[in-house]
Amino acid sequence: MRAAVLGGGPGGLNFAISLKLRDASHDVVVLERNKPDDTFGWGVVLSDETLGNLHSNDPISSKAIRDSFVYWDDIAVHYRGTTMRSGGHGFSGIGRKRLLNILQERARSLGVKIEFETEARPADSYQDYDIVVGADGVNSRVRAAYADAFKPDIDVRACKYIWLGTHQKFDDAFTFIFEETQHGWIWVHAYQFDAETATFIVECPEETWRRAGFDCMNIDETIAACEKIFARNLGGHKLMSNARHLRGSAWLNFNRVLCERWSHKNIVLLGDAAATAHFSVGSGSKLAMESAIALANHLDSEPNMESAFQRYEDERRLEVLRLQNAARNSTEWFEDLERYFDLDPVQFNYSLLTRSQRISHENLRQRDPQWLSEAEKWFEQKATGRAPNSARPPMFVPFRVRGLELVNRVCVSPMDQYRAKNGTPNEWHFVHYAERAKGGAALVFTEMTCVSPQGRISPGCAGLYAPEHEAAWKGIVDFVHAETEAKIAIQLGHSGAKGSTQLGWEEADAPLKTGNWPLLAPSAVAWSPENQTPREMSRADMDRIRGEFVRSTEMAARIGFDWLELHYAHGYLMSSFITPLTNKRTDEYGGSLENRMRFPLEVFGAVRKAWPDGKPISVRISAHDWVGPDGVRPHDAVEIAHILAEAGVDLIDVSAGQTSTRARPIYGRMFQTPFSDRIRNEVGVATLAVGNIYEPDHVNSILMAGRADLVCLARPHLSNPYWTLHAAAELRYNGVSWPKPYWPGRDQLYRLRSRSEALTGKA
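Residues numbered from 1 in each chain as written. Predicted model: local features only at pLDDT ≥ 70, side-chain atom pairs only at ≥ 80, totals over all residues. Heavy atoms only, no water.

## Let's talk about the overall build of the protein chain
Helices and strands together make up the secondary structure of the protein chain, namely 26 helices and 29 strands. Relative to the 2.2 N^0.38 estimate, which gives 27 Å for 763 residues, the radius of gyration of the protein chain is 30 Å and therefore close to what a compact globule would have. Based on the C-alpha atoms only, the size of the protein chain along its principal axes is roughly 90 × 60 × 55 Å. Residues counted as buried form 60% of the 763 residues belonging to the protein chain. Pairs at least 24 apart in sequence give 70% of the contacts found in the protein chain among residues at least 6 apart. Accessible surface, the protein chain: about 30600 Å² in total, of which carbon and sulfur atoms supply 48%. (Helix = DSSP H or I, 4+ residues; strand = E, 2+ residues; numbered from the N terminus. Rg over C-alpha atoms; globule rule 2.2 N^0.38 Å. Buried < 20%, exposed > 50% of the residue type's maximum accessible area, 1.4 Å probe, protein only. Contact = heavy atoms within 4.5 Å. Areas by Shrake-Rupley, 256 points an atom, 1.4 Å probe, with all protein chains shown as cover.)

## Considerations on helix H15 (residues 427-438)
When the terminal C-alpha atoms of H15 are compared, their 16 Å separation across twelve residues agrees well with the 16 Å that a helix rising 1.5 Å per residue should span. Along H15, the residues classified as buried are His429, His432, Tyr433, Ala434, Arg436, Ala437 and Lys438. Among the structural elements, strand S20 (410-412), strand S21 (443-450), helix H16 (467-483), helix H24 (715-719) and helix H25 (723-730) are those in contact with the buried residues of H15. The N-capping residue of H15, defined by a side-chain oxygen 3.0 Å from the backbone nitrogen of Trp428, is Asn426. One or two positions beyond H15, positive phi appears at Gly440, with a value near 105 degrees. (Expected span 1.5 Å × (residues − 1). Polar contact = N/O pair within 3.5 Å; in protein donor to acceptor, adjacent residues only side chain to side chain.)

## Re unusual backbone geometry
Of note in this structure, Lys265 is not a glycine but carries a positive phi near 55 degrees. With respect to the helices, strands and loops of the structure, Lys265 is situated in the loop between strand S16 (263-264) and strand S17 (267-269). Its relative accessible area of 69% is what places Lys265 among the exposed residues. Non-glycine residue Ser500 carries a positive phi angle of around 55 degrees. The residue Ser500 is located in the loop between strand S22 (487-493) and strand S23 (520-521) in this model.

## A look at the sheet that holds strand S25 (residues 563-568)
If you walk around this closed barrel you meet the eight strands as S20-S21-S22-S25-S26-S27-S28-S29, and the pairing is parallel. Adjacent strand axes in the sheet meet at a mean angle of 30 degrees when their direction is disregarded. Here helix H17 (residues 539-559) sits on the sheet in contact with S22 and S25, set at roughly 165 degrees to S22. Sitting on the sheet, helix H23 (residues 696-704) is in contact with strand S28 (686-689) and strand S29 (710-713), with an inclination near 155 degrees to S29. (Pairing = 2+ DSSP bridges. Axes fitted to C-alpha atoms, helices over the stretch in contact; angles between N-to-C directions.)

## A closer look at the side chain of Asn329
Its place among the elements puts Asn329 in helix H11 (residues 305-335). The class of Asn329 is buried, set by a relative accessible area of 13%. In this structure, Asn329 is in contact with Arg355, Ser356 and Gln357, ignoring residues within four places of it in sequence.

## Description of the packing of aromatic side chains
Following the criterion strictly, the structure yields 42 aromatic pairs and no others. If you follow Lys498 out to its NZ or CZ, it ends over the ring of Trp527, 4.3 Å from the centre. Directly above the ring of Tyr572 sits Lys498, whose terminal nitrogen or CZ lies 4.9 Å from the centroid. (Phe/Tyr/Trp six-rings, centres within 6.5 Å; stacked < 30°, edge-to-face > 60°. Lys NZ or Arg CZ within 6 Å of the ring centre and 35° of its normal.)

## Some details on the pattern of salt bridges
Tallied over the entire structure, the rule returns 51 salt bridges. For Glu206, the salt bridge is made with Arg210, and the minimal N-O distance between the two is 2.8 Å. With Glu206 and Arg210 both in helix H7 (residues 206-211) and four residues apart, this pair spans about one turn of that helix. The class for Glu206 is partly exposed, based on a relative accessible area of 23%. Note that Arg680 and Asp709 form a salt bridge whose closest N and O atoms lie 3.0 Å from each other. Highlighted residues: Arg680 in helix H22 (residues 673-683) and Asp709 in the loop between H23 and S29, separated in sequence by 29 residues. For Asp709, a relative accessible area of 9% translates into the label buried. Residues participating in the shared-partner salt-bridge network are Arg2, Asp27, Lys113 and Asp128. (Salt bridge = Lys/Arg side-chain N within 4 Å of Asp/Glu carboxyl O.)

## A word on the environment of Trp473
Turning to its location among the elements, Trp473 is positioned in helix H16. Taking the C-alpha atoms as reference points, Trp473 and Met555, separated by 82 residues in sequence, lie 9.7 Å from one another. Those residues in contact with Trp473 that sit more than four places away from it in its chain are Pro425, Tyr433, Thr446, Thr449, Ala462, Gly463, Leu464, Ile559 and Phe561.

## Re the pairing of S21
Across the eight residues that make up S21, a large majority, eight, are buried. Pairing of S20 with S21, which is carried by two bridges, proceeds in the parallel orientation. Bridge assignment links Val412 to a residue of S21, and that residue is Val444. Two strands pair when backbone bridges link them, and S21 and S22 are joined in this way by six bridges, in the parallel orientation. Following the sheet pairing, Cys450 is matched in S22 by Gly493. Since S21 and S22 lie parallel, the crossover through H16 that links them has a hand, and here it is right-handed. (Right-handed = clockwise from strand over helix to strand, strands pointing away.)

## Considerations on the sheet that holds S17
Taken in spatial order, the six strands line up as S8-S2-S1-S9-S17-S16 in an open sheet, and their pairing is mixed. Sheet topology places strand S8 (113-115) and S16 at the edges, where each strand pairs with a single neighbour. Sheet topology note: the strand S1 (residues 2-6)/strand S2 (residues 27-31) ladder contains five bridges and is parallel. Bridge pairing in S2 links Val5 to Val30. Sheet strands touched by helix H1 (residues 10-22): S1, S2, S8 and strand S9 (131-134). Its angle to S2, the strand with the most contacts, is close to 170 degrees.

## Side note on the packing of helix H2 (residues 48-57) against helix H10 (residues 284-301)
Interaxial distance between H2 and H10 falls to 10 Å at its minimum, and their mutual angle equals 30 degrees. Comparing their axes, H10 and H2 come out roughly parallel. As for the relative orientation of H2 and H10, their crossing is left-handed in sense. Residues Glu49, Thr50, Asn53, Leu54 and Asn57 of H2 pack against Lys286, Met289, Glu290 and Ile293 of H10. Of the residues in the contact of H2 with H10, the class split is three nonpolar, three polar and three charged. (Parallel < 35°, antiparallel > 145°, perpendicular 65-115°, else oblique. Left-handed = near helix turned anticlockwise from the far one by under 90°. Nonpolar A, V, L, I, M, F, W, Y, C, P; charged D, E, K, R; others polar.)

## What to know about the environment of Arg680
Given the relative accessible area of 17%, Arg680 is considered buried. Between the C-alpha atom of Arg680 and that of Ile652, which follows or precedes it by 28 residues, the distance is 8.5 Å.

Given below as structure tokens:
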């Protein structure tokens, strides 16, 4: 096989080596525009996993790389006059020039031809080669020439950064430095990569960059300004640039690249040409070098090139997407950094360490148990005002709002049961809520409980508008209070245009086959073409529905519910006022966000007056309609939360979507938590996080990082009503209260857990 590799970076060189190792008869040439000793980065970070993959592929080059590595274990964070350290992170760094020289030497020894200072011709001019590898970086000419085939998605990120070096030593820790200047916050990612030199990446928001005048500075002026800003950390050492070949100041914006296809005819993309990962997760070289090995493997094992390309892409795309997801989380954390500058240094450090979601709470405990224990103590002292003798997981720290204290931070989310008869809860509901209250969660929400027959979602939905409803709910609430430590919350709502539909396990959101009742909504906009069109509400309708909410609130107060939540999300009546997708009114209740919030605020104000002052009210909102600029987006949700908080709402229950059939949500672990994070830390209001949260690690990470104050779990509590008690056992925390008749089961669970840990050595 004849192979032309266009680009002599780590990915291109490692592919050339890998291909020759599999068959020495392959004719491989690498074309590189720069000189052998040119390099325009500083250091490269590779994980132990990547080093293991390199060793399996080529022990000779792997050993040379390992012998040149600088190792460190700690992360140090300089923030607001403090320096915080945590250990167990295990990093390895090598100079990019040294890495390239090792790979160049190894490639030559295997018979690879390397042509330096050679500008590659267009890829289609290499017709005499069997394969052309586009390894020409983030600004790939190969990718650009065949953009119609590769279909690249290039996302230019918001922050500006510059890649510098220094002889100041950062050889004891990967170091983050955050400095507040008169122009805004500026920060550094620094790490050692050889005995004398460290990478020193300076980053800041573009607004700060412009206010500081960096956009008008040349490279020498930029270096001088950065030396002044970070003088206390540089210890008199200078900063250096090796990007003087670039025009202007050498500041860049990171480009996130992902191609729909990675191959076209005999041309295949590799490394940053195909996909990039932000430098804050240090995986760019990892992706390129591991992808190079995979491509060589499949070219060697598959019967033809087309099959090899497909196997290569199938195998590597999942890994790329996984890393890009982590990189996106990390990138957005830095882009939104000013949101976190009011956090205590302990919480700021924790948030930084867990920003990509690749490092979890218990993973931090494995890395540095002492550091995490002290952080957990800080969290509890901040919440309770008392210094604890020993640490406990954040999920088991009490939470107080108004006159109510919850024993922990775990909530059972509202989950429709569709079992009521004419709105009346029955034995099913009693068992359902009683079991979950016994299961250790601090707060159990009812399903959306409707304020009128017309406001039901389905014939099976529970209500609170008739005396028999009040009596049935009181039996449930009294049991929860008598037999458990849990508090119980009622969620009140009105279905609006999403009412008169079939039960949840039938055809979701579809009209009843018979017996449909008339619907009301802010505008005559149907949920879907199959659903009936609601009547646009009049002022008299608004007065009546507001009164229905008040009536249900007064009933809930008499019953003894501890907490009240208003359902302003998921396309139901109040949500349909808030989102412009369904509110098309031209009066004072439509148009601007202020107008669209007018009726929901009226309802909240009336409910607040009817609800006991010592008990909290939360409001659930949809923070993202998932339809682009036509609907509510996260920045709109911040304003919605501001308005609700100013009106006196105690907590925002931050959900998303379900407001339109046009929605295209992006799912994943904890996928709605970023909306809670943003609202909590930009508005300064307490939040509840929801959405694909199912592990104790998720809960503890969300709480400890300050992304929410309470965490709601739905499906985990359907499959296991005792989720919280089991989580305590998993975390070896015995401070939770079990029902007395269940103590033998508790003792066995803890005993079996201890035995399992002893056998596996995890104790």
